[in-house]
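# What the coordinates show
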Amino acid sequence: MNRTVMLHNIKVTLFFLTAATLLSSAFFLLSHNSANVAILYVLATVFVARHTAGYVPGIVTAFLSVIFINIVFTYPYLELNFTLDGYPVTFLGMVIIASLTSTLTTHLKEQTRILKEREHMLIEAEKEKMRANLLRAISHDLRTPLTGIIGSAAAYLEQESVLTAQDKARLVEDISEDAQWLLHMVENLLSVTRINDQTACVKTTLEPLEEVVSSALQRFRKRLPGAVVHVQIPDELLMIPMDATLIEQVLINLLENAVYHSGSHKPVDLLVSVEGNQACFHIRDYGLGLDAKTLDSLFDGYTSTQNHSSDSHKGMGIGLSICKTIIHAHHGQIFAKNHRDGAEFTFILPLGELTYESEIDSSDH
């Protein structure tokens, strides 16, 4: 034990023993009952064990408490006397009880410290896994559009004199599309910076579901104006604790995946329901579905799509990995499955205590 810890233990022990003695003196003068005095010293022993390091301070406090009670609060006063009838058993019992209490309190404190260390290690491990998944996803998902941009630009510059206006327009369109995809991935990466680096959690506020969904759909339609999304949400004004910007990012990622990788031009369903104390978001497409072999690792940061749509060169990895990170930071769950006609992604958010607000009848205004 170093000097700093030892001085801290001594100060804490003296403080609680002094406080117990002063309070005991007041109780004893009022009631002349030493039973209350013993309880106060036992409490002092517990506090010393709680706020000091090691087992010694609590046990020392237990012995000193017995001595103080004997000298100050037991007849003959101001004398140390264990020979009176019944006192040895009483004081021995108090020493045992106080020592056991001190030991148990110190043991519980040590167990709490170990649990906190393990929790911290798990958080660090999850953060390291997240970083590794993101790096792996970035190395895959950024390479493809960058290669496309470089290839299209090189073709335009090297063959400008022989390319038709239609070919040039197609190359520029490809460059623009890949650049937009890169911008989207950068937005995904920036969204992760909103997650607290120490706790891997986010600061949430109660947000109206309808506004969050509406904002996500507006941003989504700017990227894919031709996509059709059927939305179904509860009629009530549902308030959900969340970081609205991050949940919008999750919705956009999942909707874009449904359009890009389903291999179908059918509308996508966005369904929100309340089950118990949870809000469940379902994004359902009607296309090729997911490869059953990849379902377990779909959110780990690297997924190569098996679909052969015109946009299948765009990977799902980084977007799904970030979705998982965001939902876990909200203490929620996210998973994927196949239904009869395609794929379905589901994420669940806890509602908390205040979830509903009464809708205001427009006739009241």
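Definitions and limits used
- Residues numbered from 1 in each chain as written.
- Predicted model: local features only at pLDDT ≥ 70, side-chain atom pairs only at ≥ 80, totals over all residues.
- Heavy atoms only, no water.
- Helix = DSSP H or I, 4+ residues; strand = E, 2+ residues; numbered from the N terminus.
- Buried < 20%, exposed > 50% of the residue type's maximum accessible area, 1.4 Å probe, protein only.
- Areas by Shrake-Rupley, 256 points an atom, 1.4 Å probe, with all protein chains shown as cover.
- Core = buried A, V, L, I, M, F, W, Y, C linked by side-chain atoms within 4.5 Å.
- Contact = heavy atoms within 4.5 Å.
- Pairing = 2+ DSSP bridges.
- Axes fitted to C-alpha atoms, helices over the stretch in contact; angles between N-to-C directions.
- Expected span 1.5 Å × (residues − 1).
- Salt bridge = Lys/Arg side-chain N within 4 Å of Asp/Glu carboxyl O.
- Parallel < 35°, antiparallel > 145°, perpendicular 65-115°, else oblique.
- Left-handed = near helix turned anticlockwise from the far one by under 90°.
- Nonpolar A, V, L, I, M, F, W, Y, C, P; charged D, E, K, R; others polar.
- Polar contact = N/O pair within 3.5 Å; in protein donor to acceptor, adjacent residues only side chain to side chain.
- pLDDT = per-residue confidence, 0-100.
- Phe/Tyr/Trp six-rings, centres within 6.5 Å; stacked < 30°, edge-to-face > 60°.

This paragraph deals with the overall build of the protein chain. Within the protein chain, the secondary structure is distributed over nine helices and eight strands. Counting only residues that meet the buried cut, the protein chain has 39% of its 365 residues in that class. Surface exposure of the protein chain reaches about 20,800 Å², of which carbon and sulfur atoms provide 60%.

Moving on: the nonpolar core. If you look at the biggest cluster of nonpolar residues, it comprises 52 residues, and the most contacted ones within it are I240, I247, L251, F281, I283 and F347. Examining the composition of this core, we find that ten residues originate from one element, helix α8 (residues 244-261), more than from any other. Look past the residues within four positions of F281 in its chain and what remains in contact with it is L209, I240, L251, L271, V272, F345, T346, F347 and L349.

Looking now at unusual backbone geometry. Phi angles above zero are rare outside glycine, and H331 is one such case at about 60°. When you line up the elements, H331 lands in the loop between α9 (317-329) and β6 (333-339).

Here the focus is the sheet that holds strand β2 (residues 229-232). The five strands lie next to each other as β2-β4-β5-β7-β6, forming an open sheet whose pairing is mixed. Sheet topology places β2 and β6 at the edges, where each strand pairs with a single neighbour. With strand direction ignored, the average angle separating the axes of adjacent strands in the sheet is 20°. Bridging between β2 and strand β4 (residues 268-275) involves four bridges; their strand directions are parallel.

Moving on, we get to helix α6 (residues 165-192). Between the first and last C-alpha of α6 there are 41 Å, a value that for 28 residues agrees with the 40 Å anticipated at 1.5 Å per step. When we look at burial in α6, the residues that qualify are L171, D178, W181, L182, H184, M185, N188, S191 and V192.

So, about the environment of K109. Within the secondary structure, K109 is located in helix α4 (residues 87-141). A sequence separation of 56 residues divides K109 from A53, and the C-alpha atoms of the two residues are 9.3 Å apart. Residue contacts for K109: discarding those within four places in its chain leaves A49, R50, H51, T52 and A53.

Glancing now at the pattern of salt bridges. In total, this model carries seven salt bridges according to the counting rule given. R170 serves as the salt-bridge partner of D174, at 3.9 Å between the closest nitrogen and oxygen. Within this pair, D174 and its partner R170 are both found in helix α6, separated by four residues, close to a single helical turn. For D174, a relative accessible area of 27% gives the class partly exposed.

Here we come to the packing of helix α7 (residues 209-223) against α8. It is at 9 Å that the axes of α7 and α8 come closest, and there the two elements cross at 45°. The pairing of α7 with α8 is recorded here as oblique in orientation. Viewed along their axes, α7 and α8 form a crossing whose handedness is right-handed. Of the residues in α8, those in contact with V212, V213, S215, A216, L217, R219, F220 and R223 of α7 are A244, T245, I247, E248, Q249, L251, I252, L255, E256 and V259. Split into classes, the residues belonging to the contact of α7 with α8 amount to eleven nonpolar, three polar and four charged.

On the secondary structure map, E256 appears in helix α8. Within the structure, E256 has its side chain in polar contact with the side chain of R223 (distance 3.3 Å). In this structure E256 touches W181, H184, F220, R223 and L224, once residues within four positions along its chain are discounted.

One way to put it is that helix α5 (residues 143-158) packs onto α6 with a least axis distance of 9 Å and a crossing angle of 155°. Taken as axis vectors, α5 and α6 run roughly antiparallel relative to one another. Handedness of the crossing formed by α5 with α6: left-handed. Residues P145, L146, G148, I149, S152, A153, A155 and Y156 of α5 touch α6, and the partners they reach there are K168, L171, V172, D174, I175, D178, A179, W181, L182 and M185.

Below, the discussion takes up helix α3 (residues 56-72). Taking 1.5 Å per residue, 17 residues should reach 24 Å; α3 reaches 24 Å between its end C-alpha atoms and fits that length. When we look at burial in α3, the residues that qualify are P57, G58, T61, A62, S65, V66, I69 and N70.

Moving on, we get to the confidence of the model for the protein chain. Taken over all residues, the pLDDT of the protein chain has a mean of 80, while the share at 70 or more is 83%. Predicted confidence for residues 304-313 stays below pLDDT 50, and this span has 17 contacts to residues more than four positions away or in other chains. In this model, residues 354-365 is a region of pLDDT below 50 whose contacts with residues beyond four sequence positions or in other chains number 14 contacts.

On to the packing of aromatic side chains. This structure, assessed with the given rule, holds five aromatic pairs. When the ring of F15 is compared with that of F16, the centres are 5.2 Å apart and the planes differ by 75°; the resulting orientation is edge-to-face. In this structure an aromatic cluster arises from ring pairing among F15, F16 and F47.

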